[in-house]
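# Overview (structure and organization)
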Number of protein chains: 2
Amino acid sequence: MTKWVYTFGDGAAEGNADMRNLLGGKGANLAEMSRVGVPVPPGFTITTEVCTYYYENNHTYPADLKDQVLTALAGIEAKMGKKFGDPKNPLLFSVRSGARVSMPGMMDTVLNLGLNDETVVGLAEKSGNEKFAYDSYRRFIQMYGDVVMGVHSSKFEAVLDRVREENGYKFDNQMTVEQLKAVIKEYKEICEKDGHPLPQDPKEQLWGGIGAVFGSWMVDRAIYYRKLNNIPGDWGTAVNVQTMVFGNYGDTSATGVCFSRDPATGENYFYGEYLKNAQGEDVVAGIRTPQPMTKLVKERRHIDLPCMEEEFPAVYNELNAIREKLEAHYKDMQDMEFTIQDGKLWMLQTRNGKRTGTAALRIAVEMVKEGLIDKKTAIMRVEAPQLDQLLHPMFDKSEKRVVLTTGLPASPGAAVGQVVFSAEDAEKQAGEGKKVVLVRIETSPEDIAGMHVSQGILTARGGMTSHAAVVARGMGKPCVSGVSDLRIDYEGKFLKVGETIIKEGDMISIDGTTGQVMSGALKLVLPEMTGNFGEFMSWVDEIRTLGVRTNAETPLDAKTARQFGAEGIGLCRTEHMFFDPARINHMREMILSHTVEDRRKALAKLLPYQRQDFVDLFTIMEGLPVTIRFLDPPLHEFLPNKREEQAEIARELGVSVEEIAARTAKLHEANPMLGHRGCRLGITYPEINEMQARAVFEAAVEVMSKTGKTIVPEIMIPLVGTKKELDLAKAVVVKVADEVMTESGKKFEYHVGTMIELPRAAITADKIAETAEFFSFGTNDLTQTTLGMSRDDAGSFLPEYVQKGIYEQDPFASLDQEGVGALVEIAVQKGKSVRPNIKLGICGEHGGDPKTIDFCHRVGLTYVSCSPYRVPIARLAAAQAAVRNEKK
Amino acid sequence: MTKWVYTFGDGAAEGNADMRNLLGGKGANLAEMSRVGVPVPPGFTITTEVCTYYYENNHTYPADLKDQVLTALAGIEAKMGKKFGDPKNPLLFSVRSGARVSMPGMMDTVLNLGLNDETVVGLAEKSGNEKFAYDSYRRFIQMYGDVVMGVHSSKFEAVLDRVREENGYKFDNQMTVEQLKAVIKEYKEICEKDGHPLPQDPKEQLWGGIGAVFGSWMVDRAIYYRKLNNIPGDWGTAVNVQTMVFGNYGDTSATGVCFSRDPATGENYFYGEYLKNAQGEDVVAGIRTPQPMTKLVKERRHIDLPCMEEEFPAVYNELNAIREKLEAHYKDMQDMEFTIQDGKLWMLQTRNGKRTGTAALRIAVEMVKEGLIDKKTAIMRVEAPQLDQLLHPMFDKSEKRVVLTTGLPASPGAAVGQVVFSAEDAEKQAGEGKKVVLVRIETSPEDIAGMHVSQGILTARGGMTSHAAVVARGMGKPCVSGVSDLRIDYEGKFLKVGETIIKEGDMISIDGTTGQVMSGALKLVLPEMTGNFGEFMSWVDEIRTLGVRTNAETPLDAKTARQFGAEGIGLCRTEHMFFDPARINHMREMILSHTVEDRRKALAKLLPYQRQDFVDLFTIMEGLPVTIRFLDPPLHEFLPNKREEQAEIARELGVSVEEIAARTAKLHEANPMLGHRGCRLGITYPEINEMQARAVFEAAVEVMSKTGKTIVPEIMIPLVGTKKELDLAKAVVVKVADEVMTESGKKFEYHVGTMIELPRAAITADKIAETAEFFSFGTNDLTQTTLGMSRDDAGSFLPEYVQKGIYEQDPFASLDQEGVGALVEIAVQKGKSVRPNIKLGICGEHGGDPKTIDFCHRVGLTYVSCSPYRVPIARLAAAQAAVRNEKK
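The following refers to the structure shown. (Residues numbered from 1 in each chain as written. Chains lettered and ligands numbered in written order. Predicted model: local features only at pLDDT ≥ 70, side-chain atom pairs only at ≥ 80, totals over all residues. Heavy atoms only, no water.)

### Structural notes on the sheet that holds strand E6 (residues 93-99) of chain A
All names here are of chain A. Ordered by their spatial adjacency, six strands build an open sheet running E2-E1-E3-E8-E6-E7, and the pairing between neighbours is antiparallel. Each edge of the sheet is formed by a strand with only one pairing partner; in this case those strands are strand E2 (12-13) and strand E7 (109-113). Here seven bridges tie E6 to strand E8 (residues 237-243), and the two strands are oriented antiparallel to one another. When the sheet's bridge partners are listed, Ala99 is paired in E8 with Thr237. (Pairing = 2+ DSSP bridges. Helix = DSSP H or I, 4+ residues; strand = E, 2+ residues; numbered from the N terminus.)

### Structural notes on the side chain of Thr109 of chain A
Assignment of secondary structure puts Thr109 of chain A in strand E7. For Thr109 of chain A, a relative accessible area of 16% puts it in the buried group. (Buried < 20%, exposed > 50% of the residue type's maximum accessible area, 1.4 Å probe, protein only.)

### Focus on helix H6 (residues 153-167) of chain B
All names here are of chain B. Given a rise of 1.5 Å per residue, 15 residues ought to cover 21 Å, and the 21 Å separating the end C-alpha atoms of H6 matches this to within 8%. When H6 is considered as a whole, its buried residues turn out to be Phe156, Val159, Leu160, Val163 and Arg164. Seen along its axis, H6 keeps its buried residues to an arc of 130°; they face one direction. Among the exposed residues of H6, those pointing more than 90 degrees away from its buried face are Glu165 and Glu166. Close packing links the buried residues of H6 with helix H5 (130-147) and helix H7 (177-193). Gly168 sits one or two positions beyond H6 and adopts a positive phi of about 65°. (Expected span 1.5 Å × (residues − 1). Arc of directions from axis to C-beta. Contact = heavy atoms within 4.5 Å.)

### With respect to the interface of chain B and chain A
Facing the 45 residues of chain B at the interface are 45 residues of chain A. In this assembly, chain B packs against chain A so that about 4000 Å² is buried in total across both faces, 57% of it on carbon and sulfur atoms. The interface formed by chain B and chain A holds six salt bridges in total. Linking chain B with chain A are 28 residue pairs in polar contact (both at pLDDT 80 or more), by the criterion used here. Among the secondary structure elements, those contributing two or more residues to the side of chain B that touches chain A are helix H26 (679-684), helix H28 (723-744), helix H29 (759-763), helix H31 (779-787), helix H32 (798-803) and helix H33 (817-834) of chain B. It is H33 of chain B that contributes the most residues to the side of chain B that touches chain A, five residues altogether. (Buried area = accessible area lost by both parts, 1.4 Å probe. Salt bridge = Lys/Arg side-chain N within 4 Å of Asp/Glu carboxyl O. Polar contact = N/O pair within 3.5 Å; in protein donor to acceptor, adjacent residues only side chain to side chain.)

### Observations concerning the packing of aromatic side chains
A full pass over the atoms with the stated rule returns 50 aromatic pairs over all chains. Aromatic pair Phe748 of chain A and Tyr750 of chain A: ring centres 6.2 Å apart, planes at 55°, arrangement tilted. Pair check on accessibility: Phe748 of chain A and Tyr750 of chain A agree, each one buried. Both rings, one in Tyr61 of chain B and one in Phe214 of chain B, keep their centres 6.0 Å apart while their planes meet at 50°; by these two values the pair is tilted. (Phe/Tyr/Trp six-rings, centres within 6.5 Å; stacked < 30°, edge-to-face > 60°.)

### Topic: the relation of the copies chain B and chain A
Relating the two copies of this chain is a rotation about some axis coupled with a shift parallel to it. Each copy superposes on the other: chain B lies on chain A with an RMSD of 0.3 Å after a rotation of 179° and an axial shift of 0.3 Å. Both chain copies can therefore be described as sitting about a two-fold axis. When you check the interface residues of chain B against chain A, 100% turn up at the interface there too, and the contact is symmetric in its surfaces. (Least-squares fit on C-alpha atoms with pLDDT ≥ 70 in both.)

### Some thoughts on the pairing of strand E13 (residues 344-352) of chain B
All names here are of chain B. With eight bridges joining them, strand E12 (residues 334-341) and E13 adopt antiparallel strand pairing. In the strand pairing of E13, Asp335 is matched with Arg351. Between E12 and E13, which pair antiparallel in sequence order, lie two residues; one of them, Asp342, sits at a positive phi of approximately 50°.

### Focus: the sheet that holds strand E32 (residues 774-777) of chain B
Residues and elements named next belong to chain B. Here we have eight strands rolled up into a closed barrel, ordered E27-E28-E29-E30-E31-E32-E33-E34, and parallel in their pairing. Within this sheet the neighbouring strands show an average axis-to-axis angle of 25°, counted without direction. Pairing analysis gives three bridges linking strand E29 (residues 626-629) to strand E30 (residues 714-717), with the strands arranged parallel. Paired with Arg629 across the two strands is Met716, which belongs to E30. Running at roughly 150° to strand E31 (residues 751-756), H28 makes contact with E30 and E31 of the sheet. (Axes fitted to C-alpha atoms, helices over the stretch in contact; angles between N-to-C directions.)

### Topic: a negative patch on the surface
Residue and element names in this part refer to chain A. A cluster of acidic side chains, namely Glu644, Glu645, Glu648 and Glu652, defines a negative patch on the protein surface. With respect to the helices and strands, the residue Glu648 is situated in helix H24 (residues 643-653). In this structure Glu648 comes out as partly exposed when scored by relative accessible area, which is 40%. (Patch = residues over 30% accessible without salt bridge, like charges linked within 9 Å, V, L, I, M, F, W, Y side chains within 5 Å. Areas by Shrake-Rupley, 256 points an atom, 1.4 Å probe, with all protein chains shown as cover. Lys, Arg positive; Asp, Glu negative; His and termini not counted. Charge placed at Lys NZ, Arg CZ, Asp CG, Glu CD.)

### Observations concerning the packing of helix H6 (residues 153-167) of chain A against helix H7 (residues 177-193) of chain A
All names here are of chain A. Interaxial distance between H6 and H7 falls to 10 Å at its minimum, and their mutual angle equals 155°. Taken together, the axes of H6 and H7 lie roughly antiparallel to each other. The handedness of the crossing between H6 and H7 comes out as right-handed. Counted together, Lys155, Phe156, Val159, Leu160, Arg162, Val163 and Asn167 of H6 and Gln179, Val183, Glu186, Tyr187, Ile190 and Cys191 of H7 form the full contact between these two elements. Its residues assigned to classes, the contact of H6 with H7 comprises eight nonpolar, two polar and three charged. (Parallel < 35°, antiparallel > 145°, perpendicular 65-115°, else oblique. Left-handed = near helix turned anticlockwise from the far one by under 90°. Nonpolar A, V, L, I, M, F, W, Y, C, P; charged D, E, K, R; others polar.)

### A few points about unusual backbone geometry
All names here are of chain B. Positioned with a positive phi, His59 is a non-glycine residue whose angle comes to about 60°. When you line up the elements, His59 lands in the loop between helix H2 (48-56) and helix H3 (65-80). The phi dihedral of Leu719 falls on the positive side, at around 55°, and the residue is not glycine. Mapping Leu719 onto the fold places it in the loop between E30 and H28.

### Thoughts on helix H3 (residues 65-80) of chain A
Residues and elements named next belong to chain A. Helix length check: H3, at 16 residues, gives a terminal C-alpha distance of 23 Å against a target of 22 Å (1.5 Å per residue), a fit within 8%. Restricting attention to buried positions, one finds in H3 the residues Leu65, Gln68, Val69, Ala72, Leu73, Ile76 and Glu77. Gly81 sits one or two positions beyond H3 and adopts a positive phi of about 65°.

### Topic: the pairing of strand E3 (residues 43-46) of chain B
All names here are of chain B. Going residue by residue along E3, you find Gly43 and Thr45 tucked away on one face and Phe44 and Ile46 tucked away on the opposite face as well. In this structure, strand E1 (residues 5-9) lies alongside E3, joined through four bridges in antiparallel fashion. Pairing of Tyr6 across the sheet is with Thr45, part of E3. As defined by bridge partners, E3 adjoins strand E8 (residues 237-243) across four bridges and the pair is classed as antiparallel. Following the sheet pairing, Ile46 is matched in E8 by Val239.

### Remarks on the pattern of salt bridges
All names here are of chain A. Per the counting criterion, the structure on display carries 126 salt bridges over all chains. One salt bridge connects Asp425 with Lys493, and the closest N-O pair in it is separated by 2.9 Å. With a gap of 68 residues between them, Asp425 in helix H17 (residues 423-431) and Lys493 in the loop between strand E21 (486-489) and strand E22 (494-497) connect regions that are remote in the sequence. Judged by its relative accessible area of 17%, Asp425 is buried. Residue Lys493 is classed as partly exposed on the basis of its relative accessible area, which comes to 32%. Residues participating in the shared-partner salt-bridge network are Glu575, Arg629, Asp632, Arg677 and Asp781.

Next comes the structure, spelled out in structure tokens:
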């Protein structure tokens with residue numbers, strides 16, 4: 001018999017923190033908290049296996065689930081001394097989702113389950129608080145109606161709006177018992193009319209709630225969230241059924257969310273928010289502005305509301321002790337939910353808190369210093385992509401800020417963009433290449449896609465734990481929330497702060513680290529690489545074994561990459577150097593030449609430019625390795641297609657436009673990706689390789705003379721498919737090297753290697769390694785050829801392919817390890833079999849992807865090469881790979 | 001010390017027939033003939049290793065070669081009792097090339113070497129035949145001048161022409177001694193004037209001759225011939241230096257070429273030609289019309305010249321005995337050269353004779369019946385591509401022939417085409433898609449490329465062993481030679497037979513089997529598959545283990561293939577069925593649809609057509625397997641690019657031309673080969689797969705009902721890269737199959753498999769085989785992706801790639817076994833590891849290539865599939881692979 005149900009509460013539990021895959025994160029941690037003596041309302045978890053079963057069996061449950069649930073339920077009734085559905089002393093439940101990883105706000109929850117026309121009377125009597133009982137019943141109907149029965153929530157909201165308006169109420173808790181009863185009556189009529197009468201049987205309510213949670217696993221927004229976060233759809237969610245405790249029991253009650261350290265900055269102080277006389281959803285929903293936990297925060301943020309330390313000093317102390325206990329127990333920053341019912345503290349959840357990159361780094365470094373964790377654990381605590389947040393520009397401090405208004409610093413970082421007022425507009429305009437800042441009264445799960453494409457998010461309502469804040473921190477997007485003097489007109493598409501009006505399309509700057517909002521576009525500058533960051537990265541470099549280089553052609557990129565810790569250039573794409581206006585016409589002259597002699601003449605004009613390019617790069621890299629890839633793209637890329645442009649070039653070059661048109665037409669290819677490019681150019685026009693080799697070697701000689709550093713150029717031949725191609729190309733390079741040595745009277749070292757970017761090259765890598773001194777995996781092209789998929793054309797089907805799970809991720813973003821990776825492994829083995837110390841790198845865009853870097857570490861590459869801004873991420877990912885793959 | 005020189009002659013030899021790689025074919029066989037007691041003029045062979053050395057060492061010889069040559073030379077002098085360069089009794093040599101395989105007419109030869117102003121006098125005295133001596137000297141200067149010193153032969157010919165004209169001579173041998181002496185004087189002056197005085201030192205002459213032979217290995221025509229025949233350039237040629245014997249010694253002398261059986265038809269009789277008082281080159285050159293060997297031939301061909309059987313009865317009997325001896329020794333049809341000097345017979349060469357496909361087949365079958373060889377040897381004796389000659393059309397016997405003239409039946413088969421009068425015109429016009437017949441007075445090695453592209457060859461001069469005849473038979477081209485009443489005007493570009501004039505571009509029909517020439521285009525029909533052919537192919541089928549299917553979509557192709565012995569259809573490309581005018585607009589309607597419903601409507605219109613296609617194929621194939629590939633090409637292939645055509649379709653479909661233009665533009669792809677095609681279409685538009693599956697299954701049910709045969713359709717999903725793609729496509733097929741079974745009330749079997757045509761599919765074939773019931777290797781696309789080479793675009797560099805040896809052959813014609821083949825092997829192993837009995841086929845165009853078929857046999861495929869006309873070739877190649885790879 002499979003065990004589908006695990007109980008917890010009252011100092012004991014059937015599960016524990018290690019059972020996250022089975023019980024979900026919430027369920028596992030509820031069990032763990034019970035075990036370590038933290039007060040948790042008793043309940044039980046229905047496993048993720050039930051979810052999987054549910055979707056594999058046409059939305060049905062295992063036959064024996066019902067009995068296991070009823071047994072668990074009876075256990076809780078015994079513990080609590082109450083009965084589910086008992087009209088005198090009813091037990092109430094919450095029903096919540098809980099996947100392996102948190103998906104905040106993505107899935108459904110039902111609270112106050114077990115209330116009906118009879119039990120509400122019992123609850124009122126037993127609690128002595130009629131208003132609380134009927135308020136709970138009202139909330140239950142509204143939530144159950146919406147979540148389980150699909151009655152649109154606006155129908156219930158309309159009733160509330162009317163009652164508030166008729167009575168001039170600001171908050172719902174101002175309603176009287178009589179008003180609540182009238183609302184309940186109306187609510188039930190709404191359900192009835194909608195064809196979904198409210199079930200009065202608590203057990204029916206319970207199964208309805210469970211079904212709703214399982215059902216919510218497959219709604220669009222949950223699927224989208226999983227896709228965004230690479231969470232497999234077959235993990236499923238658990239369902240947690242837990243005794244209700246009430247933060248809305250009156251003014252001795254409250255509910256809140258807190259973190260053991262600041263999730264935005266990582267600072268070690270008690271951080272959180274609560275609401276008196278409220279249920280948990282009220283805090284997250286962002287409707288009422290929540291109160292701070294501590295006097296410290298009150299002072300710092302100039303908040304006028306009372307804090308918990310003042311209002312509930314005893315409970316505060318108990319909670320602060322639990323904070324310390326749980327952090328020490330989990331050895332990580334905790335994100336906790338609690339409820340105070342009539343003065344008693346209950347913990348509803350703890351989990352490792354989501355945090356910004358800044359916070360992750362600070363917490364990791366400080367926890368090492370506090371002796372809580374070691375360095376290896378620390379580097380695993382910062383997700384490599386999160387580093388991105390620390391690398392991206394901040395506002396230039398020298399620039400004067402004219403602050404329009406200030407809100408909560410909900411997610412750090414600087415963002416500049418044009419204002420948009422809906423997620424749809426954000427997606428549309430970002431799709432057109434605009435940088436946008438999304439401005440909303442508050443955000444909801446439907447806005448996720450729009451938030452993803454925005455530079456930053458600005459909201460009028462919501463606290464530090466509102467939807468906007470949590471999601472923005474997860475995405476590493478700057479966010480300022482709860483800007484109370486911000487008025488937003490969705491219809492008119494403008495916002496107003498005081499008398500200042502900012503319309504859609506106007507530029508705005510927001511600082512998620514300070515909460516400041518400025519109109520106009522502030523200047524951005526690179527962040528400093530020192531302090532915690534510097535210390536952390538020094539640990540990273542200690543631990544990693546994989547080298548990290550950069551892909552760079554320009555001096556600016558080379559300099560940036562060196563600042564970010566690049567250990568050389570892994571890919572210098574020389575063709576990019578020919579598009580410069582001063583050079584492109586020489587290039588075109590070369591292409592239009594009819595004879596070798598004419599081609600040589602044109603190439604001779606390009607030589608000084610190209611040589612200077614390499615002089616600059618060698619100088620910046622100060623003797624670090626520089627891998628130079630010879631001309632790669634098909635020649636037609638250098639000729640214009642439009643007749644007007646052809647005419648212009650014809651004038652400049654003094655040839656007829658017909659000739660240019662004819663040459664362009666002749667160079668046209670059906671599949672340029674598979675055409676006359678790469679080393680094929682140098683085979684048919686060896687004089688191109690001669691010029692490039694000469695530029696490289698003359699530059700090396702020049703820089704060695706000037707700087708005294710030893711330069712060992714690495715020349716890389718692209719698109720090699722056979723050993724013979726490389727032999728032919730290498731022969732030209734060797735010949736030119738000999739010439740330059742003779743001419744300059746200086747000996748120098750150099751290496752000739754190849755891209756491995758065709759399946760044939762991977763399969764015959766042993767042959768190729770006889771000639772090649774190094775391999776660099778060009779995984780962009782290798783992916784295109786191995787999968788038979790053009791990156792430029794895949795847009796018409798690849799999104800559907802990822803959605804249908806044909807590829808787990810976009811194979812151009814993260815290496816397809818099963819297919820392309822298998823070829824890389826074959827090439828590594830074959831290459832090493834012939835040349836055991838062969839240098840092996842990767843220079844496709846995958847080189848900056850942490851999953852791919854883990855793969856590269858495992859298969860034994862020497863280095864990865866990526867764009868300058870990805871260098872620190874690659875360093876961290878390489879260190880994490882080393883830890884992850886340590887021999888245990 | 002390396003042995004560079006091998007002697008032979010006088011009943012003994014240092015080499016033998018097995019040393020073909022070292023001694024070349026001619027050298028090995030001269031040695032072998034010496035060993036078995038056939039009279040061979042003594043000589044020695046310089047090995048092919050010297051040729052390789054020569055080209056690897058900047059055209060120099062091994063240091064010890066000279067000594068070895070001189071030692072061999074001294075041995076011959078001792079044997080012959082003459083001395084090289086002796087003014088009294090000079091020894092003369094021939095110097096001839098001899099590669100591993102015969103390259104007729106491709107390389108240089110020098111005869112009569114050792115003659116100078118002094119030795120010619122000695123030769124005259126010793127032979128008592130002054131005219132013979134001076135004629136030999138004249139020939140020597142002309143040949144040496146042309147071949148060794150590069151003096152253009154036309155300069156010598158002009159002198160001869162003048163002398164003939166002045167004296168009214170028809171043949172050169174009518175010249176007097178005085179005239180010969182005058183000619184020799186003029187010849188020497190010509191050489192002098194050209195800057196190349198004739199060397200008088202015989203040793204200098206000898207090294208000049210040897211150098212010329214080695215040098216001729218790398219002339220363009222030899223390189224072209226090797227490329228055409230896939231002979232590696234590094235094999236090199238040997239050089240045979242052999243005592244001269246003289247067929248031009250007077251009327252008791254002669255020289256000739258003979259075959260142990262008829263090389264054109266294979267008939268077992270003594271076949272050959274000779275010329276009295278002539279040297280060997282005279283026979284081959286086709287200047288004088290040679291005489292037949294036997295009375296039989298004289299009678300059959302109505303030849304008026306005397307035959308050898310009559311003119312030299314004793315020598316004829318000796319030669320006929322040697323013919324029988326050598327055929328029995330070599331167990332193969334022999335091609336022999338002989339010379340009669342003053343009544344004594346000398347054999348100059350024997351080798352396995354080249355033969356037409358018809359002859360090869362007949363000889364093979366008859367030799368089995370004669371007990372000379374076994375069936376396995378027999379099937380190795382017919383080159384698979386030669387079968388092509390037997391399969392190609394013959395003239396319809398029912399059509400009345402009006403024979404214009406008759407020549408020699410030099411190479412069998414029927415050809416119809418437009419007349420051209422030069423090899424260049426043949427190449428040009430064939431390049432434009434015309435079918436041409438090349439008409440020449442005689443052909444020369446320079447004409448090879450033009451002969452290759454012609455349907456057939458017609459010459460006015462030359463015998464059965466003339467250049468035209470030999471080369472045409474090698475190529476399997478019909479040829480009629482020696483049409484003596486044919487007058488050709490190259491300038492005016494017309495030919496004349498009697499009063500009939502045929503101009504360039506006029507149609508002509510030639511029958512190389514009968515020698516008949518007809519004006520106009522005769523009707524062609526398929527040959528019969530019976531007799532020797534039928535018997536031979538039955539042996540082939542006994543021996544082979546690989547199945548042979550065909551690629552066919554049309555009933556005509558399917559029928560033709562069955563006649564040729566196809567065992568099923570390996571590839572039915574369904575997209576070809578949509579281009580029919582009656583269907584294309586429904587297809588376009590489908591593509592232009594905006595909704596699934598509209599697409600379904602359009603597809604419903606295509607269904608009846610497609611179903612009928614399959615009904616036809618299933619009916620023709622009578623239960624043999626039929627593999628149907630679902631829609632493969634990108635959809636834009638079905639839409640026109642030109643505005644006018646778009647406008648026309650817009651009218652027909654009742655949509656705006658803008659809409660068609662927009663859809664076409666949207667479907668445009670940068671690399672369509674790697675785009676939205678293959679199974680990707682069926683994943684994004686499953687309704688297409690639904691329609692195709694329905695058409696297949698409904699057709700199967702219909703044909704089973706009608707014919708009672710069991711039809712087991714094989715559905716093949718193209719361009720699969722991952723198991724999941726195949727899962728999704730298969731799910732649709734299974735669903736439709738279930739529907740059709742329910743609707744028809746009939747159960748039927750079917751298989752779903754996949755193309756393996758992407759490297760990823762090969763690499764993950766174990767995963768894919770979990771779903772796929774069969775694999776078919778689509779080696780066209782697999783080559784394109786593995787090599788990263790678009791077949792449509794490779795024209796700009798692939799010829800140079802083959803020329804430079806980067807690929808040994810065009811990888812689209814013969815499988816790149818090292819690269820693509822390695823992936824196929826991986827896929828075979830992985831596929832079988834999961835599904836041991838998985839059916840494995842190949843359906844790329846490589847499926848009809850004998851080398852690829854050998855590979856397919858070795859890696860364990862189940863069958864190959866090729867175009868209908870390749871089916872018999874594939875059957876033979878499969879049988880040869882079985883023999884070749886037999887476990888010894």
